[in-house]
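Fold and contact review
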Amino acid sequence: MPTKLNLVLPTKVRSRCRVRAGDQVFLAALLEHKLLVIYPQRRLYDMVLAYHATLHAEPGSLP
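Just so you know, these numbers come straight off a predicted model, no measurement behind them.

So, about the overall build of the protein. Looking only at helices and strands, the protein has two helices and two strands in total. The linear arrangement of helices and strands in the protein, starting from the amino end, is α-β-β-α. Looking at the protein residue by residue over its 63 residues, the buried ones come to 10%. With the model as given, the accessible surface of the protein reaches about 5,900 Å², and the carbon-plus-sulfur share is 62%.

What follows is the structure, given as structure tokens:
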């Protein structure tokens, strides 16, 4: 097993997904929609921060 897994994405796909060459990404398969979603690491970070901000804003949420 290689220490670093690589997936080569064509330039057209990278540009449509706003992914730069060398970016780390998270791939998610949405089977019910027959769709593969590509999340750049920087966007995942933004989504996690936004999610945790909503937890703190809700009454009775965890600290």
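Past the structure itself, the notes keep going.
As enumerated under the stated definition, the model contains three salt bridges in all. Asp-23 is paired through a salt bridge with Arg-42; the nearest N and O atoms lie 2.9 Å apart. Residue Asp-23 is found in the loop between helix H1 (11-16) and strand S1 (25-30), and its partner Arg-42 is found in helix H2 (residues 41-57); the two are separated by 19 residues along the sequence. Residue Asp-23 is classed as partly exposed on the basis of its relative accessible area, which comes to 23%. Here Asp-46 and Arg-43 are joined by a salt bridge, their closest N and O atoms 3.3 Å apart. Pair noted here: Asp-46 and Arg-43 are both in helix H2, with a separation of three residues, about one helical turn.

Once that is clear, we can look at a nonpolar patch on the surface. On the surface, a nonpolar cluster with roughly 350 Å² of combined accessible area is contributed by Leu-7, Val-25, Leu-27 and Leu-36. Mapped onto the elements, Leu-7 comes out in the segment before H1.

Thresholds, definitions, all that
- Residues numbered from 1 in each chain as written.
- Predicted model: local features only at pLDDT ≥ 70, side-chain atom pairs only at ≥ 80, totals over all residues.
- Heavy atoms only, no water.
- Helix = DSSP H or I, 4+ residues; strand = E, 2+ residues; numbered from the N terminus.
- Buried < 20%, exposed > 50% of the residue type's maximum accessible area, 1.4 Å probe, protein only.
- Areas by Shrake-Rupley, 256 points an atom, 1.4 Å probe, with all protein chains shown as cover.
- Salt bridge = Lys/Arg side-chain N within 4 Å of Asp/Glu carboxyl O.
- Patch = residues over 30% accessible without salt bridge, like charges linked within 9 Å, V, L, I, M, F, W, Y side chains within 5 Å.

What is shown is where atoms sit, not what they do.
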